[in-house]
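Structure at a glance
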Amino acid sequence: MRATYRAIPLVATSLVVALLSSSPAGAFGGMGNGVRGGSDASGELSASASHSRIKVTQTSGPTGGKQGTVAPTDVNWKPPPCWYEPVFTPEQLKNFSENDGSGDAGLRDGWYGSELWTDHFRDEKDATTIFTKPATVKGYKNYNLGKKGYFWRGVAPDVTGIDDTSLCSRLMFWQDAGDIPDVPNAPTPETLADYAYDKVKVPETEVELKPAARSTVNLPTWVWLDKGTFKDVKVRAELPGTGLWAETTAKPVALHLDPGTEDAEVFPASGDCEINDDSIGTPYTKGAADKTPPCGIRYLRATDGAPYQLSASVTWQITWEGSDGSGGKLPDGTFETTQDMNVQEIQSVNR
């Protein structure tokens, strides 16, 4: 008798498709618990593997302090919604299937929606999937024990981002060690580079000001960034069991100033201060109060109670390189913060 696995449509914000529900609902050995799982009265399983095994490490750049994630300047750019990953060796799958799912009852609910799931990987029971079209998937004997390789599953970190439910919908499948499956949505170095993009953390854009405490009407305020803080940030993403990796690098290239009021002038007039010699803007020096700063602001009207909101946005140029020698550019990213600016007006009396 053949086991029948039926695909379930995309419902609300939860992806419940054949692959993601047939794969173990979670990762073995503490690789992640971000999975929703369960079974209905007929034994059908509904779960979505939402946590990836990709290992992310920041290899260079400032750490600590306030940080944030850059926003792509290309609003149409999106990372891949899903891909396949190796998750179980034969021994791990046998242990997970026949024991207690690493002690997590929630994972057992995801895996044991029906005993037919175990039969498919242990007792060579074929599976019939109904998704875009019926297909028969040959079963496995005793979890492929004795073979070198991994069982692969689909991963969708953001299930709401999948418009086409046929993506990554394949039942968990076997791949020999050292090989990447030749299937659509198999991982590539660029997949990892895209994944790392969202993991890049950059320093909060709090600019240095002179005068710092309070600006004065018609006198320039010098603006610059600490070049010891604003350095390249490099993030490495690796997918265990594949040899695939990518490094995504964010390089600060410009600072844009918005004074928070129309009653102000910015320097340069575009408000874009470019990086020169690894620094943005020029620190104020004694005696330069009346000079025009290469990066700065001149307020023309004093604040009246509420301070102006000075907005500082740094543009980060994003590039990547991968384990196979590939590489290229990704959309620039921006990170913006605001800070209070109080402006005073000094009045003099002529006698």
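Predicted model, so just to flag it, every value in this text is computed and none were measured.

**Let's talk about the packing of aromatic side chains**
- One pass over the full model with this rule turns up nine aromatic pairs.
- Here the aromatic residues F121, Y140, F151 and W174 are joined through ring pairs into a cluster of three or more.
- Directly above the aromatic system of F173 lies the positively charged group of R170, at a separation of 4.1 Å from the ring centroid.
- For R236, the ring lying beneath its charged end belongs to W245, and the centroid distance is 4.2 Å.

**With respect to the state of the cysteines**
- Enumeration according to the criterion identifies two disulfides in this entry.
- Each disulfide pairs two cysteine sulfurs, and for C82 the partner residue is C168, the sulfurs being separated by 2.2 Å. One quick way to see it: the torsion about the S-S bond of C82 and C168 is about 90°, and its sign makes the bridge right-handed. Placement of C82 in the loop between β6 (71–72) and β7 (83–88) and of C168 in the loop between β10 (149–155) and β11 (173–176) is noted, with a sequence separation of 86 residues between them. In this pair, the class of C82 matches that of C168, namely buried.
- Here C273 pairs with C295 through a disulfide, and the sulfurs are 2.1 Å apart.

**Observations regarding the pattern of salt bridges**
- Inspection of the entire model under this criterion finds six salt bridges.
- Residue D123 pairs with R122 through a salt bridge whose shortest N-O separation is 3.0 Å.
- For D123, a relative accessible area of 35% translates into the label partly exposed.
- Put simply, E238 and R236 hold a salt bridge, and the shortest N to O gap is 3.4 Å.
- With a relative accessible area of 28%, E238 lands in the partly exposed category.
- Ionic contacts of the salt-bridge type, sharing partners, join the residues D119, R122 and D123 into one network.

**Here we look at the nonpolar core**
- Judged by nonpolar contacts, the single largest core of 45 residues is most densely connected at V207, L255, L257, Y299 and W316.
- Counting residues per element, the ones that place at least two in this core are α5 (189–197), β15 (220–225), β16 (233–239), β17 (244–258), β18 (264–267), β21 (296–299), β22 (308–322) and β23 (327–341).
- Beyond its immediate sequence surroundings of up to four residues, Y299 is in contact with S215, T216, V217, N218, P259, T261, D263, A264, Y308, L310, M341 and V343.
- Counting residues in hydrophobic clusters, the runner-up holds 19 residues, among them C82, Y84, F96 and W174.

**Points about the sheet that holds β10**
- With antiparallel pairing, three strands are arranged side by side in an open sheet as β7-β10-β11. Strands at the two margins of the open sheet, each flanked by one partner only, are β7 and β11. Each neighbouring strand pair of the sheet contributes to a mean axis angle of 45°, computed without reference to strand direction.

**Regarding the environment of R153**
- Topologically, R153 is positioned in strand β10.
- Note: C-alpha distance between R153 and V87 (66 residues apart in sequence) is 6.7 Å.

**A word on the environment of W77**
- By secondary structure assignment, the location of W77 is in the loop between β6 and β7.
- Excluding residues within four positions of it along the chain, W77 makes contact with P72, D194, Y197, L330 and P331.

**What to know about the pairing of β23**
- Bridge count between β6 and β23: two bridges; the pairing is antiparallel. Bridge pairing in β23 links P72 to G333.
- As judged from the 13 bridges shared by β22 and β23, these two strands associate in the antiparallel manner. Looking at β23, one finds that W320 is bridged to G328.
- Counting the residues in the hairpin turn of β22 and β23 gives four residues, including G325, whose phi is positive at 90°.

**Digging into the side chain of Q175**
- With respect to the secondary-structure elements, Q175 resides in strand β11.
- Residue classification places Q175 among the buried positions, given a relative accessible area of 16%.
- Contact partners of Q175, with chain neighbours within four places excluded, come to G149, Y150, W152, I180 and P181.

**Side note on the confidence of the model for the chain**
- Residue-level pLDDT values for the chain average 78, and 75% of them are 70 or greater.
- Here residues 1–48 is a poorly scored stretch, pLDDT under 50, and it has 136 contacts once near neighbours within four places are set aside; other chains count.
- A low-confidence stretch, residues 104–114 (pLDDT under 50), is modelled with 35 contacts involving residues beyond four sequence positions or located in other chains.

**Comments concerning helix α2 (residues 90–98)**
- P90, L93, F96 and S97 are the residues of α2 that are buried. Buried positions in α2, seen along its axis, are confined to an arc of 130° and lie on one side of it.

**Structural notes on the pairing of β15**
- Burial analysis of β15 places six of its six residues in the buried class, the great majority of the element.
- Side chains P220, W222 and W224 project from β15 onto one buried face, and the interleaved T221, V223 and L225 project onto a second face that is buried too.
- Relative to β15, strand β13 (residues 208–210) runs antiparallel, the two being bridged by three bridges. Across the sheet, residue L209 finds its bridge partner in β15, namely V223.
- As defined by bridge partners, β15 adjoins β21 across three bridges and the pair is classed as antiparallel. Across the sheet, W222 pairs through a bridge with G296, a residue of β21.
- The pairing of β15 with strand β20 (residues 279–281) spans two bridges and is classified as antiparallel.

What counts and how
Residues numbered from 1 in each chain as written. Predicted model: local features only at pLDDT ≥ 70, side-chain atom pairs only at ≥ 80, totals over all residues. Heavy atoms only, no water. Phe/Tyr/Trp six-rings, centres within 6.5 Å; stacked < 30°, edge-to-face > 60°. Lys NZ or Arg CZ within 6 Å of the ring centre and 35° of its normal. Disulfide = S-S within 2.5 Å. Helix = DSSP H or I, 4+ residues; strand = E, 2+ residues; numbered from the N terminus. Buried < 20%, exposed > 50% of the residue type's maximum accessible area, 1.4 Å probe, protein only. Salt bridge = Lys/Arg side-chain N within 4 Å of Asp/Glu carboxyl O. Core = buried A, V, L, I, M, F, W, Y, C linked by side-chain atoms within 4.5 Å. Contact = heavy atoms within 4.5 Å. Pairing = 2+ DSSP bridges. Axes fitted to C-alpha atoms, helices over the stretch in contact; angles between N-to-C directions. pLDDT = per-residue confidence, 0-100. Arc of directions from axis to C-beta.

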